[in-house]
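What the coordinates show
Letter by letter, the chains look like this.
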Amino acid sequence: MGLDRRIGSSFLSAGIGFGGSCFPKDLIAFIKMAEDAGYSFDLLKDTQKINREQKDMVIEKLKASLWNLKGKTIGILGLSFKPQTDDLRNAPALEIAEQLKTQGCHLRVHDPVSMGKAQSMLEGVSFAKDPYEAARGADALVLATEWPVYRKLRLSKLKSLMKTPVIVDGRNIFDPRQMEREGFIYHSIGRPSVRPDNDGLFSRLNSRKTPAKIH
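All chains considered together, the criterion is met by 9 salt bridges. The residue Lys 32 makes a salt bridge to Asp 36 at a minimum N-O spacing of 2.9 Å. One end of the pair is Lys 32 and the other is Asp 36, both in helix H1 (residues 22-36) and 4 residues apart, which spans about a single turn. A relative accessible area of 46% places Lys 32 in the partly exposed class. The exposed category is assigned to Asp 36, whose relative accessible area is 56%. Among the salt bridges present, the one from Lys 45 reaches Glu 35, with a minimum N-O distance of 3.5 Å. Here Glu 35 lies in helix H1 and Lys 45 lies in helix H2 (residues 42-66), a separation of 10 residues in the sequence. In this structure Lys 45 comes out as partly exposed when scored by relative accessible area, which is 28%. For Glu 35, a relative accessible area of 41% translates into the label partly exposed.

Below is the structure:
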């Protein structure tokens with residue numbers, strides 16, 4: 001699909017789901033139009049369902065590493081629904097934040113441009129001046145928006161600030177091999193999780209030679 005010029009690869013990356021005002025609204029409209037015409041558009045309904053479940057997956061990945069989330073401090077990096085905007089409409093980060101609050105977590109959040117808007121939408125959370133402050137003393141970090149500044153983070157500094165080095169990368173911006181070397185417990189989307197006791201698991205999985213083609 002990504003090689004098809006009519007589609008492209010820009011919006012085919014694995015992640016925690018889409019947001020914004022246009023696509024979710026259009027999806028609802030098309031489902032309603034189909035129902036009015038007497039057709040159940042299951043493909044679009046499943047798209048909605050999967051998009052909701054991607055946020056739930058973040059919570060499950062945190063539980064897999066922290067077990068009990070109550071009382072844990074979680075840092076969230078990125079609040080807007082995509083980079084280069086302060087638009088928070090249907091932003092996955094906000095839904096994840098609300099779910100974590102219901103789990104009894106303490107939240108510390110950061111976004112390069114949307115902090116002002118977020119303060120009126122997120123109650124009971126701390127707003128960090130930079131990503132490192134969001135990570136200080138955190139039991140885990142959730143990367144929710146793929147802002148360029150997060151790609152340039154000093155991982156060794158990030159780890160030194162965290163209480164436990166758990167990262168859930170909801171946009172797959174980090175290299176699992178590097179996270180493995182840095183000693184993180186690292187969860188991403190659609191890829192094997194990495195733990196310090198994996199003994200090079202991800203590197204070994206990805207260094208297997210591709211079988212020779214049979215002619």
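There is more to say after this.
Formed by 30 residues in total, the largest nonpolar core has its most connected members in Leu 62, Ile 74, Ile 76, Leu 79, Leu 100 and Leu 107. For this core, the elements supplying multiple residues, two or more each, are H2, strand E1 (73-77), helix H3 (92-102), strand E2 (106-110), strand E4 (140-143) and strand E5 (166-169). Take this core: its biggest share by element is 5 residues, from H3. For Leu 100, the residues in contact, after removing those within four places along its chain, are Ile 59, Leu 62, Leu 69, Ile 74, Ile 76, Cys 105 and Leu 107. Counting 21 residues, the second-largest nonpolar core is a separate cluster that includes Leu 141, Trp 147, Leu 158 and Phe 174.

For the rest of this paragraph, the subject is the sheet that holds E5. Taken together, the 6 strands give an open sheet; going across it, the order is E3-E2-E1-E4-E5-E6, and neighbouring strands pair in parallel fashion. Here the strands that pair on one side only, and so sit at the sheet edges, are strand E3 (126-127) and strand E6 (185-187). Relative to E4, E1 runs parallel, the two being bridged by 4 bridges. Each residue of the ladder has a partner; that of Ile 76, found in E4, is Val 142.

Parameters at a glance
- Residues numbered from 1 in each chain as written.
- Predicted model: local features only at pLDDT ≥ 70, side-chain atom pairs only at ≥ 80, totals over all residues.
- Heavy atoms only, no water.
- Salt bridge = Lys/Arg side-chain N within 4 Å of Asp/Glu carboxyl O.
- Helix = DSSP H or I, 4+ residues; strand = E, 2+ residues; numbered from the N terminus.
- Buried < 20%, exposed > 50% of the residue type's maximum accessible area, 1.4 Å probe, protein only.
- Core = buried A, V, L, I, M, F, W, Y, C linked by side-chain atoms within 4.5 Å.
- Contact = heavy atoms within 4.5 Å.
- Pairing = 2+ DSSP bridges.

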